[in-house]
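As a plain string of letters, each chain reads:
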Amino acid sequence: MSAVQLDLNNIPKHIAIIMDGNGRWAKSNGKARIYGHHAGVEAVRKVVETCTELGVQYLTLYAFSTENWKRPEAEVNALMELLVRTIRKETPELDKNNVRIGMIGDGHSLPKACIDELEEAKKMTSANTGLNLILALSYSGRWEITHAVQQIAQKVQSGELNPADISEKTISAYLNTSAIPDPELLIRTSGEYRLSNFLLWQSAYTEYYFTETLWPDFDKNELVKALLDYQKRERRFGKTTEQIKVR
Ligand code: IPE
Ligand code: IPE
Ligand code: MG
């Protein structure tokens, strides 16, 4: 599978990935789950590199969900430590490659070391104009929508907003992703066919791509495969094929 076959005029602006299967990958190698998360970081590096090469503008990675707080404390702590260390280690290289780091999710619920490291990384890379790498941390679509509804309700209560003026645009503007276009392509690894509360509002018209490959085995070839599949699809947005063809 080669990138040569790709239509470079039809690369999604925004790719979102549910990076799943680290635990099973570790188990199949006879190792502890955290070993799989470490291996998962390598896959992130490869995918970021490929997205940069292809000119993808936004890459959103589901790294830790609201529901993941229910995992054993030792795993949660290990994941948070891995996050801090990875951001610290990788940010200078990402910065060199013109990558801009961002985050969506309930930042307040993260440990202080994580918040500090993320803030530092965001600051360091804020002027970059290449790939926007967005980490979804302590994120869930329902949390995000609930939070947006609370803020909109406050505006209504204070008289700044008329309920009749609430449109889809208003709701989008109150989401964490207000400055980010909806993803054209959403990838989930490890053979699970569900959204697990990821980008519920934003993925209304997203193309889904599922693969059996476990996240630590996901690499450039796997991403190219997903993109080739995406490029075969006709995005109709409710219209007919005939309408799409006449442009
Ligand atoms: C995804 O891998 C990483 C996170 C959710 C943090 P998992 O840890 O869910 O791996 P599996 O699904 O147990 O194999
Ligand atoms: C989804 O994976 C969240 C992340 C990849 C961060 P999970 O492994 O937590 O999803 P479920 O619980 O199997 O749906
Ligand atoms: Mg999983």
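Higher on the page you've got the structure.
Residues numbered from 1 in each chain as written. Chains lettered and ligands numbered in written order. Predicted model: local features only at pLDDT ≥ 70, side-chain atom pairs only at ≥ 80, totals over all residues. Heavy atoms only, no water.

**Section: the site of ligand 2**
Stated formally: Whether a residue is near a molecule or strand is decided by its heavy atoms; if any one of them lies within 4 Å of it, the residue is near. Identification of polar contacts relies on pairs of N or O atoms within 3.5 Å, with a donor-acceptor requirement for protein atoms, meaning one able to donate a hydrogen and the other able to accept it, and with residues adjacent in sequence counted only if both atoms are side-chain atoms. Using a 1.4 Å probe, accessible areas were evaluated by the Shrake-Rupley method; residue-level cover was limited to the displayed protein chains. Counting from the N terminus, the helices are DSSP H or I runs at least four residues long and the strands are E runs at least two residues long. When residue character is reported, Ala, Val, Leu, Ile, Met, Phe, Trp, Tyr, Cys and Pro are called nonpolar, Asp, Glu, Lys and Arg charged, and the others, Gly included, polar.
Surveying the vicinity of ligand 2 reveals the residues Ile18, Met19, Asp20, Tyr62, Ala63, Phe64, Asn68, Arg71, Arg188, Arg194 and Ser196. Within the contact set of ligand 2, an oxygen atom lies 3.3 Å away from a side-chain nitrogen or oxygen of Arg71. In this structure, Arg194 approaches ligand 2 through a side-chain N or O atom, which is 2.7 Å from an oxygen atom. Within the complex, the protein chains bury 78% of what would otherwise be the 390 Å² of accessible surface of ligand 2. A per-element tally of the shell around ligand 2 places strand β2 (residues 58–65) first, with three residues. Classifying every residue of the shell around ligand 2 by side-chain character gives five nonpolar, two polar and four charged.

**Overview of the pattern of salt bridges**
The line we're drawing: A carboxyl oxygen of Asp or Glu within 4 Å of a side-chain nitrogen of Lys or Arg is what we treat as a salt bridge. Think of it in three bands: with a 1.4 Å probe and only protein chains considered, a residue is buried below 20% of the maximum accessible area for its type, exposed above 50%, and partly exposed in between.
Tallied over the entire structure, the rule returns 21 salt bridges. Across the pair Lys89 and Glu90 runs a salt bridge whose closest N-O atoms are separated by 4.0 Å. Glu90 gets classed as buried once you look at its relative accessible area, which sits at 14%. Measuring nitrogen to oxygen at the nearest pair gives 3.8 Å for the salt bridge that ties Glu222 to Lys225. Note that Glu222 and Lys225 are positioned in helix α7 (residues 220–231) at a spacing of three residues, about one turn of the helix.

**Digging into the site of ligand 1**
Neighbouring ligand 1 are Met19, Asp20, Gly21, Asn22, Gly23, Arg24, Arg33, His37, Ala63, Asn68, Arg71 and Leu79. The side chain of Arg71 places a nitrogen or oxygen atom 2.8 Å from an oxygen atom of ligand 1. Looking at the shell around ligand 1, the elements that each hand over two or more residues are α1 (22–28) and α2 (33–54). Classifying every residue of the shell around ligand 1 by side-chain character gives three nonpolar, five polar and four charged.

**Remarks on the nonpolar core**
Across soluble globular proteins, you tend to see nonpolar side chains buried next to one another. Heads up, the condition is: Take the buried Ala, Val, Leu, Ile, Met, Phe, Trp, Tyr and Cys residues and link them wherever side-chain atoms come within 4.5 Å; each set so joined is a nonpolar core. Here, residues are in contact when the closest pair of their heavy atoms is within 4.5 Å.
Membership of the largest hydrophobic core comes to 43 residues, with the highest contact counts inside it found for Ile15, Ile17, Leu59 and Ile187. Counting only elements with at least two residues in this core, the list comes to β1 (14–18), α2, β2, α3 (73–96), α4 (112–125), β4 (132–139), β5 (185–188) and α7. Here this core takes seven residues from α3, the largest share from any one element. Once residues lying within four places of it in the same chain are set aside, the contact partners of Ile187 are Ile15, Ala16, Ile17, Ile18, Tyr209, Phe218, Leu223 and Ala226. Counting residues in each nonpolar core, the second largest holds 12 residues, with Ile18, Tyr62, Ala136 and Phe198 among its members.

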